[in-house]
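Given next are the chains, with one letter for each unit.
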Amino acid sequence: MFRRKRRGSDFRAEIEAHVQQESERLREQGLGEEEAQSAARRAFGNVMHAQERFCEGGRWRWWEHLKQDVRVGLRMLRKNPGFTAVAVLTLALGIGTNTAIFSVVNTVLLRPLPYKDPDRLMDVWRYNPKENVTRDQMSYADFLDLRNQNDVFEGMAAYRELHEIMVSGRGEPERVHGTIASANLWEVLGVNPLLGRTFRAEEERPGKGNVVLLSYEFWQRHFHSDESVLGQAITLDGASYVVVGVMPAGFSFPISAEPVGLWLTVAPDGEMANGRGVAIYDVITRLRPGVSVAYATGEVRTIFARIAAQYPKNHTEGWDVRGILTMADLVENSRDSLLILFGAVGMVLLIACANVANLILARGANRRREMALRTALGASRFRVVRQLLTESLILALLGGGLGLAAGYWAMESLVGIGPQDIPRLRNVRLDESVFSFALGISVLTSLLFGLVPALRSSKLELGDALKERAEGASARGQSRFRDALIVTEVALSLVTVLGAGLLVETLWHLERTHPGFDANHVVTFTVDLPDGFSDPQRVAFLKDLLPRLRSFPGVSAASAVFPLPFLSGEGVTTRFEMEGRTLEPSQMPRADLAAVDNEYFRTMRIPVIKGQDLAEVKARPERAVTVISEAFAKQYYPSEDPIGKRLKPDVETSHTRAQMAEIVGIVGDVKTSSLREAGGAIVYVPVAQFPIGATTIVIRAEGDPRPLAAAVRSEARAVDAGVMVFSGKTLEQQIGTTLGQPRFNALLLGVFAGLALMLAMVGLYGAISYAVSQRTHEIGIRMALGAAPRLVLKLILGRGLRLALAGTALGLAASAALARLLTSLLFGVSATDPATFAGVAIVLMAVAIGACYIPARRAMRVDPIVALRHE
Amino acid sequence: MSTQKEKERLELLQGTLDLLILRTLIFGAQHGQGIARAIQQTSDEELLVEHGALYPALQRLEDRGWIFAKWGASSNNRKARFYSLTSAGRRQLVKETTKWRRLTAAIGRILGSEAEGS
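The shown structure was predicted, so the numbers you read here are calculated from the model rather than taken from an experiment. Each chain has its residues counted from 1, running along the sequence as written. Ligands are numbered from 1 and chains lettered from A, in the order in which they are written. Selection of residues for local features in this predicted model requires a pLDDT of at least 70, selection of side-chain atom pairs for listing and counting requires 80 or more, and totals for whole chains, interfaces and linings are taken over all residues. The basis for every side-chain value is the complete set of heavy atoms in the structure, and neither hydrogens nor water enter the calculation.

1. Focus: the overall build of chain B
- Helix numbering and strand numbering both begin at the N terminus, where a helix is a DSSP run of H or I of at least 4 residues and a strand a DSSP run of E of at least 2. Regarding its fold elements, chain B presents five helices and five strands.
- Ordered by position in the sequence, the α and β elements of chain B form the string α-β-α-β-α-β-α-β-β-α.
- Categorising residues by exposure relies on relative accessible area from a 1.4 Å probe, with only protein chains included: less than 20% of the type maximum marks a residue as buried, more than 50% marks it as exposed, and the intermediate range marks it as partly exposed. Residue burial in chain B is summarised as follows: out of 118 residues, 37% are buried.
- Throughout, a contact is declared for two residues whenever any of their heavy atoms are within 4.5 Å. Restricting the contact set of chain B to residue pairs at least 6 apart, pairs at least 24 apart contribute 50%.
- For chain B, the accessible surface area stands at approximately 7300 Å², while carbon and sulfur atoms represent 53% of it. Each accessible area value is a Shrake-Rupley result obtained with a 1.4 Å probe; residue values ignore everything except the protein chains displayed when judging cover.

2. A look at the sheet that holds strand 2 (residues 30–31) of chain B
Residue and element names in this part refer to chain B.
- Any two strands with at least two DSSP bridges between them are considered paired. One open sheet accounts for three strands, arranged 2-5-4; its pairing is antiparallel. Each edge of the open sheet carries a strand with a single partner, namely strand 2 and strand 4 (67–73).
- Pairing of strand 4 with strand 5 (residues 79–85), which is carried by seven bridges, proceeds in the antiparallel orientation. Within strand 5, the position partnered with A69 by the bridge is Y83.
- Lines fitted to C-alpha atoms define the axes, with helix axes restricted to the stretch in contact, and inter-axis angles between N-to-C directions lie between 0 and 180 degrees. Across the sheet, helix 4 (residues 51–64) lies against strand 4 and strand 5, angled at about 120° from strand 4, the strand it touches most.

3. Regarding a nonpolar patch on the surface
Residue and element names in this part refer to chain A.
- Where nonpolar side chains cluster on the molecular surface, the patch consists of L393, L397, L439 and V443 and spans about 300 Å² of accessible area.
- When residues of the nonpolar patch are traced back to their parent elements, those giving at least two are helix 13 (381–417) and helix 14 (432–458).
- Inspection of the secondary structure puts V443 in helix 14.
- Judged by relative accessible area, V443 falls into the partly exposed class, the value being 37%. Within this analysis, patches are made of residues with over 30% relative accessible area and no salt bridge. Like charges are joined at 9 Å or less; nonpolar side chains (Val, Leu, Ile, Met, Phe, Trp, Tyr) at 5 Å or less. The salt bridge definition used is simple: a Lys or Arg side-chain nitrogen within 4 Å of an Asp or Glu carboxyl oxygen.

4. As for the interface of chain B and chain A
- Contact residues are listed per partner, giving 22 residues for chain B and 20 residues for chain A.
- The junction of chain B with chain A conceals about 2100 Å² of combined surface from both sides, 47% of it contributed by carbon and sulfur atoms.
- Put simply, buried area is the surface a 1.4 Å probe can reach on two separate parts but cannot reach once they are joined, added for both. In terms of surface lost to chain A, no three residues of chain B exceed Q33, H51 and Y55 of chain B, which account for 28% of the buried area on that side.
- Summed over the shared surface of chain B and chain A, the result is two salt bridges.
- For E14 of chain A, the salt bridge is made with R81 of chain B, and the minimal N-O distance between the two is 3.8 Å.
- Two N or O atoms count as a polar contact when they lie within 3.5 Å, although within protein this holds only if one can serve as hydrogen donor and the other as acceptor, and sequence-adjacent residues are included solely when both atoms are side-chain atoms. The tally of links between chain B and chain A comes to seven residue pairs in polar contact (both at pLDDT 80 or more).

5. Focus: a positive patch on the surface
Residue and element names in this part refer to chain A.
- For the purpose of counting charges, residues Lys and Arg are taken to be positive, whereas Asp and Glu are taken to be negative. His and the chain ends are not included. Charge positions come from single atoms, namely NZ of Lys, CZ of Arg, CG of Asp or CD of Glu. A cluster of basic residues, R71, R75, R78 and K79, forms a positive patch at the surface.
- Topologically, R71 is positioned in helix 4 (residues 61–79).
- The exposed category is assigned to R71, whose relative accessible area is 52%.

6. Some remarks on unusual backbone geometry
All names here are of chain A.
- For the bond from F253 to P254, the omega torsion is -10°, close enough to zero to count as cis.
- Tracing the backbone shows P254 in the loop between strand 9 (239–246) and strand 10 (262–265).
- Backbone geometry at H521 places phi at a positive 60°, although glycine is not the residue there.
- Within the secondary structure layout, H521 lies in the loop between helix 16 (473–512) and strand 13 (522–528).
- Of note, R605 is a non-glycine position whose phi angle comes to about 55°, a positive value.
- Topologically, R605 is positioned in the loop between helix 18 (600–604) and strand 17 (608–611).

7. So, the side chain of H18 of chain A
- Assignment of secondary structure puts H18 of chain A in helix 1 (residues 8–28).
- Given the relative accessible area of 1%, H18 of chain A is considered buried.
- Beyond its immediate stretch of four places on either side in the chain, H18 of chain A contacts F44 of chain A together with G32, Q33, A36, H51 and Y55 of chain B.

8. Looking at the packing of aromatic side chains
Residue and element names in this part refer to chain A.
- Centres within 6.5 Å are what make two rings of Phe, Tyr or Trp a pair, Trp counting through its six-membered ring; a difference in plane orientation under 30 degrees is then read as stacked, over 60 as edge-to-face, and the rest as tilted. One pass over the full model with this rule turns up 19 aromatic pairs over all chains.
- Between Y115 and F251 the ring centres are 6.0 Å apart and the planes differ by 70°, which places this aromatic pair in the edge-to-face class. Here F251 lies in the loop between strand 9 and strand 10 and Y115 lies in the loop between helix 5 (81–110) and strand 1 (121–128), a separation of 136 residues in the sequence.
- Measuring from ring centre to ring centre gives 6.3 Å for W186 and W263, while their planes differ by 85°; the resulting arrangement is edge-to-face. Placement of W186 in helix 7 (residues 185–189) and of W263 in strand 10 is noted, with a sequence separation of 77 residues between them.

Spelled out as structure tokens, the structure:
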């Protein structure tokens, strides 16, 4: 029918010609102009009708039929509001959750980085399998050698995030997140400034680095978009910097939880520039076109091996470098959990589809006569299938529309509760790709749940179908298919419930993991001392402040530490010389160094396992002391008593005077960055002996520690007017941020598993109810013949339980295969934990019994008289 | 042409229109309006061709390859679509005519005998 090329307009022209000829003839017979026209049209009959019949035979047929199908479909759906509502809501649930998770996956995992040719950006870092270091930064000197010797990169830049920089000089003083970077960073990223310029190569040299670039957002907020700020000096952490440029809106680097407000150049001096022991820089590179990641990595490894051979002191055995695309690097920690969540909502959608397919099949049984009638009146099977599929598509689109609205709401909530460490989560938007996704899965879904029912309903024996109670062979086939759907639903829901169970257990284990100190009632403050404070002045300040805080009402202990456990970022990992042993650098102990006030262990309630607490030791200038963690003792003094032995940190910066210190005590291990890790080796030195870094005050309160913030601030100011006090987070909050992802995962997978379970049980309930309604007659006969109600109950319940059992078995088998994917997210529980498997199976069966019991009871109460009269 | 007279005319039986079109075209190419006129005139104004029904029929015949159409100028120099018989159309005309004659003869016999019987 599609072969005809004749257009509708050609047909219309022919009709018009006809009418003109006819009216001319009539005029010749003596009729007036108008009379002749109308008589000619009357004689022709209905022009529209003729055209419609022309169209029927032409290519418009397809469109006409579609319109007709949609009309009929809408009428059918309107006539069955209950069915329509249930199906649309079910689909909306499935499509909505998928849309929400897709919007996150799209932004976080799929959207390219906002730089030029982001697929040529590669991160380079060091690692050392021999020392269990999976990732470490690079020293500036090593970085320079790599940059100068390679020929695989177009550019190579080093950078380091600075947590907070104090901006003053113009407007209200403010602390912003900053990054220092080598001058060519913007060349590597391929991004130009909005105003001014980026850094020049010579500004990377010591003494030349007093220039700053502002982010658009910070420029807008702090400088009210004033262009005259270019070329002016602002004060950063007390030093003067000249603003040379403003980056375009939306630019940020690196991509991290906190937006970066300003960039400084790397201007390493002295030790920082030449020392290969101070490895504090991240490295990003731009691959030359056509160079693969693998090839570039090989080249960098070769150069690095050469550097390592040249400077063996700082490059002990096992150090190597690795390269990975920046995009892959960025999402490495959140990819697994997002993909698992995506998988879970996929299962929810499949269950929703199975439910709707079941509904349609059940309804299809009632519509068999309608279908038979259509077929008898000459509708082809294709036409009937298309009619049914159109109905499915309408359902799916309605569900998709509702789902998109629900998904938008869910997406906003996701962004709200999402943990900070999922990159770019704040940028999640409802954009055209999310729309296309929602539309795409709606259409796909309609095929998924509509095709089989449509094919099945349309394949029927005319004679059978037109007869009222025929249960033909096709009906038995349908019931088998419906059973298979229910079994699949139960299996899928078991898989998601099991996954959720494992993640909830993980969270439970994490929350009960003791970090090695008592975080309750402990509040922490970061103290910024005025610039130019010498080390003795810093020590004196703490000596003044801490006793004041301790005497404060409500304070049970107060101390100072650097670095604070669970405060991300700054930590000092170094090697130690051991007195009396001459060791190769690679055999020297490697541990975290922490500078603490004497009351630290008491304040944090870290137990002293052996020897003395620092507080008990009379420290004299000529007797340096130290306390080591249990892990350090076990690792490096496996067969001797470490008390009385002496250690010296191998740190050679100009600010510290490392000396041999006597080990006076051993304290319990503490976890310092994640609850998942085992407490590592730590060497504690009194802050008076080793005043490194910024200082954090920790205070143990007797009750609620939060009201102490104001007091701490005023006490600190009283000691020195130039002091700034920040934060005031409790230690519990500090630990809580590391639980963000596990909580997010457990919460979402829990919600999705709940939905999956609910949908599967609604499906099971529906299937059993349907079976009962179909078998009312049979049950009536059985009861009339003397079957006890209990027997009927057993009959119906047995059928439901067989389905549930089959689904559970299938689900357990699938879970055993799939749970391995969760391994990287789990803690304290194995992916194939038998107790969890058994528990989930029992819960599922219990709920399934509930879902089958209600219709089974109804069957038991069937009145035989009514049932037999029923038909 | 009064409405009364129109009503008295015979409406065409389903399927007979095709036959009449083919028959009309045996005298040469003609456009739609001409075909309608010819059928009415030849039947002494007894048969009514609903002009609207004519065109789908023409379309159908064209689809089957029994007639073909070309745009041309009519006698009074108007643009019109002219239809002509194809050779398949001629064969079909013979077939249909034979069928029609047998049918009318048979019906005539039945009606004739019934008329005698009543």
